[in-house]
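Structural features, examined
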Amino acid sequence: MSTIEKIQEELDVLTEETRKHEIILYNDDVNTFDFVIDSLVSVCEHTPKQAEQCTVLVHYKGKCAVKTGEYKDLESKCSKLLQLGLSAEIL
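Quick look at the structure, then. Along each chain, residue indices are assigned from 1 in the same order as the chain's sequence is written. Two thresholds apply to this predicted model, a pLDDT of at least 70 for residue-level local features and 80 or more for giving and counting side-chain atom pairs, whereas whole-chain, interface and lining totals are computed over all residues. Side-chain descriptors were evaluated using all non-hydrogen atoms of the structure, hydrogens and water having been removed beforehand.

**Quick notes on the overall build of the protein chain**
Here is the rule: Each helix is a run of DSSP H or I of at least 4 residues and each strand a run of E of at least 2, with the numbering of both proceeding from the N terminus. Whether a residue is buried, partly exposed or exposed follows from its accessible area with a 1.4 Å probe, protein chains only, as a fraction of its type maximum: under 20%, in between, or over 50%, in that order. For this analysis, residues touch if any pair of their heavy atoms sits within 4.5 Å. Note on areas: Shrake-Rupley with a 1.4 Å probe; residue coverage comes only from the protein chains shown.
In terms of regular secondary structure, the protein chain is built from 4 helices and 3 strands. Going from the N terminus to the C terminus, the protein chain shows its helices and strands as α-β-α-α-β-α-β. When each of the 91 residues of the protein chain is scored for burial, the buried share is 29%. Contacts in the protein chain between residues far apart in sequence, at least 24 positions, make up 66% of those at least 6 positions apart. Accessible area of the protein chain: about 6,400 Å², with a carbon and sulfur share of 53%.

**Digging into helix α2 (residues 33-44)**
Stated precisely, the cut-off is as follows: To estimate how far a helix should extend, the number of its residues minus one is multiplied by 1.5 Å. The arc in question is formed by the directions pointing from the helix axis toward the C-beta atoms.
Taking 1.5 Å per residue, 12 residues should reach 16 Å; α2 reaches 16 Å between its end C-alpha atoms and fits that length. Listing the buried residues of α2 in full gives Val 36, Ile 37, Ser 39, Leu 40, Val 43 and Cys 44. Along the long axis of α2, the arc covered by the buried residues comes to 160°, so they all point the same way. Residues of α2 that are exposed and point over 90 degrees away from its buried face: Asp 34, Asp 38 and Ser 42. If you follow the buried residues of α2, they end up packed against β1 (21-26), α3 (48-61), β2 (63-69) and α4 (71-83). One or two positions beyond α2, positive phi appears at Glu 45, with a value near 60°.

**Quick look at unusual backbone geometry**
Excluding glycine, most residues fall at negative phi; most peptide bonds, likewise, are trans. One non-glycine residue, Glu 45, lies in positive phi territory at about 60°. Inspection of the secondary structure assignment puts Glu 45 in the loop between α2 and α3. The class for Glu 45 is exposed, based on a relative accessible area of 58%.

**Topic: the packing of α2 against α4**
Threshold: Fitted lines through C-alpha atoms give the axes, limited to the stretch in contact for helices. The angle between two N-to-C directions lies from 0 to 180 degrees. Each angle gets one of four labels, with under 35 degrees taken as roughly parallel, over 145 as roughly antiparallel, 65 to 115 as roughly perpendicular, and the rest as oblique. Left-handed is the label given to a crossing in which the near helix is rotated counterclockwise from the far helix by less than a right angle, and right-handed is the label when the rotation is clockwise. All amino acids are sorted into three groups, where Ala, Val, Leu, Ile, Met, Phe, Trp, Tyr, Cys and Pro are nonpolar, Asp, Glu, Lys and Arg are charged, and the leftover types, Gly among them, are polar.
Packing of α2 against α4 brings their axes to within 10 Å, and their N-to-C directions diverge by 150°. Considered as vectors, α2 and α4 are oriented roughly antiparallel to each other. In the packing of α2 onto α4, the handedness of the crossing is right-handed. Taking contact as the criterion, the partners of Ser 39, Leu 40, Val 43 and Cys 44 in α2 are, on α4, Lys 77, Lys 80 and Leu 81. The residue makeup of the contact of α2 with α4, split by class, is 4 nonpolar, 1 polar and 2 charged.

**Some details on the nonpolar core**
Just so we agree on the cut-off: Only buried residues count toward a nonpolar core, which is a set of Ala, Val, Leu, Ile, Met, Phe, Trp, Tyr and Cys residues joined through side-chain atoms within 4.5 Å.
Within the largest apolar cluster, 18 residues are counted, with the highest numbers of intra-cluster contacts made by Ile 23, Leu 25, Leu 40, Cys 44, Val 66, Leu 81 and Ala 88. Every element with two or more residues in this core is listed here: β1, α2, α3, β2, α4 and β3 (87-90). Counting residues per element, this core draws most heavily on α2, at 5 residues.

Here it is in structure tokens:
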């Protein structure tokens with residue numbers, strides 16, 4: 001095995017081990033901007049400005065990645081968003 005193959009193999013393993021997931025928040029016609037902003041601040045630990053920006057993106061683009069991390073860390077946050085009546089999933 002050449003040095004290049006060895007390095008590529010190590011890189012592939014590191015990439016696979018550190019794969020990140022995202023909570024995707026989807027637009028709906030039910031929740032107000034203020035409610036979504038408050039939810040992102042409390043659940044995803046966003047700053048008010050960051051939560052506002054995500055909310056605007058969700059409104060105009062239909063969806064936005066609101067949190068990135070390991071799946072096990074995102075599960076409870078996504079569940080809380082769903083319990084609040086927001087549309088979200090982990091990808």
